[in-house]
Amino acid sequence: MGLSILAGRDRLGLGNGMDLRLLSALEVLQARREAAGLAEEDRERALCSNACLLARALEHTEDHSPVFPDGGAVLAGLTVGEISALAARWSQFNWQENPGLDLPREELDNVKKNSVTARESGCAGGC
């Protein structure tokens, strides 16, 4: 994902050669869909969702390649506690760096002003 128009930074270094990165909305939806395929019971959904999210968000610092190919590999390679702790850390990072629409009015106006591109008219000056 490229930098979000609202996010301050898009990566959080973990200090162990790995980073957590912010995900696009599409990547989050893909993680949820993958998790739905892994979870056999409703009580498994949260763990599977966190594993699939981490499969997309956890990358090697040096080359930004994924640490795990998919959520199943995360479930096989990490403990429940590790998955929970990393998912919580990602959630906190996402909340801090991607504030959403609850910005103060002045900051939100500044973001809008800096993200809008000029519209092109299809009238070629005749409108």
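Use the structure listed above.
Since we're looking at a predicted model, the values are computed, not measured.

Caption draft 1: Here's a closer look at the overall build of the protein. In terms of regular secondary structure, the protein is built from 5 helices and 3 strands. Counting the 127 residues in the protein, one finds 28% classified as buried. For the protein, restricting intrachain contacts to residue pairs at least 6 apart in sequence, the fraction spanning at least 24 positions comes to 57%. In the form shown here, the protein has an accessible surface area of approximately 8,400 Å², with 51% of it arising from carbon and sulfur atoms.

Caption draft 2: Quick peek at the pattern of salt bridges. As enumerated under the stated definition, the model contains 6 salt bridges in all. Notably, a salt bridge pairs Glu59 with Arg21, separated by 2.7 Å at the nearest N-O pair. Separated by 38 residues along the polypeptide, Glu59 in strand E3 (residues 58-60) and Arg21 in strand E2 (residues 18-21) bring together distant segments of the chain. For the pair Glu59 and Arg21, a shared accessibility class is recorded, and that class is buried. The partner of Arg43 in a salt bridge is Glu41, and the shortest N-O contact between them spans 3.0 Å. Assessed through its relative accessible area of 39%, Glu41 is described here as partly exposed. One continuous salt-bridge network, built from bridges that share partners, spans Arg11, Arg21, Glu27 and Glu59.

Caption draft 3: Seen up close, the nonpolar core. Core analysis: the largest hydrophobic core is formed by 18 residues, its most contacted members being Leu20, Leu54 and Val74. Every element with two or more residues in this core is listed here: helix H2 (45-57) and helix H4 (80-97). By residue number, the principal contributor to this core is H2, which donates 5 residues. Ignoring sequence-local partners within four residues, the contact set of Val74 consists of Ala51, Leu54, Ala55, Phe68 and Ile83. Counting residues in hydrophobic clusters, the runner-up holds 5 residues, among them Ala31, Ala35, Ala39 and Cys48.

Caption draft 4: Structural detail: the sheet that holds E3. Spatially, the 3 strands line up as an open sheet ordered E1-E2-E3, and their pairing is antiparallel. The open sheet is flanked by strand E1 (11-13) and E3, the only strands paired with a single partner. Strand-to-strand twist of the sheet, defined as the mean angle between neighbouring strand axes without regard to direction, takes the value 35°. As paired strands, E1 and E2 are joined by 3 bridges and run antiparallel to one another. Considered in E2, the bridge of Arg11 is made with Arg21.

Caption draft 5: How the structure looks around helix H1 (residues 25-38). With 14 residues, H1 ought to run about 20 Å at 1.5 Å a step, and its terminal C-alpha atoms sit 20 Å apart, in line with that. For H1, the full list of buried residues reads Glu27, Ala31 and Ala35. Within H1, the buried residues cover an arc of 80° as seen down the axis, which keeps them to one side. In H1, the exposed positions angled more than 90 degrees off the buried face are occupied by Ala25, Leu26, Arg32, Arg33 and Gly37. Lining the buried residues of H1 we find E2 and H2.

Caption draft 6: Spotlight on H4. For H4, which comprises 18 residues, the first-to-last C-alpha distance of 26 Å matches the rise-based estimate of 26 Å (1.5 Å per residue) to within 8%. Considered for burial, the residues of H4 that qualify are Ile83, Leu86, Ala87, Trp90, Phe93 and Glu97. Taken end-on, H4 shows its buried residues confined to a sector of 125°, consistent with a single buried face. Opposite the packed face of H4, turned more than 90 degrees from it, sit the exposed residues Val80 and Trp95. Where H4 is buried, its residues touch E1, E2, H2, E3 and helix H3 (71-77).

Cut-offs and rules
Residues numbered from 1 in each chain as written. Predicted model: local features only at pLDDT ≥ 70, side-chain atom pairs only at ≥ 80, totals over all residues. Heavy atoms only, no water. Helix = DSSP H or I, 4+ residues; strand = E, 2+ residues; numbered from the N terminus. Buried < 20%, exposed > 50% of the residue type's maximum accessible area, 1.4 Å probe, protein only. Contact = heavy atoms within 4.5 Å. Areas by Shrake-Rupley, 256 points an atom, 1.4 Å probe, with all protein chains shown as cover. Salt bridge = Lys/Arg side-chain N within 4 Å of Asp/Glu carboxyl O. Core = buried A, V, L, I, M, F, W, Y, C linked by side-chain atoms within 4.5 Å. Pairing = 2+ DSSP bridges. Axes fitted to C-alpha atoms, helices over the stretch in contact; angles between N-to-C directions. Expected span 1.5 Å × (residues − 1). Arc of directions from axis to C-beta.

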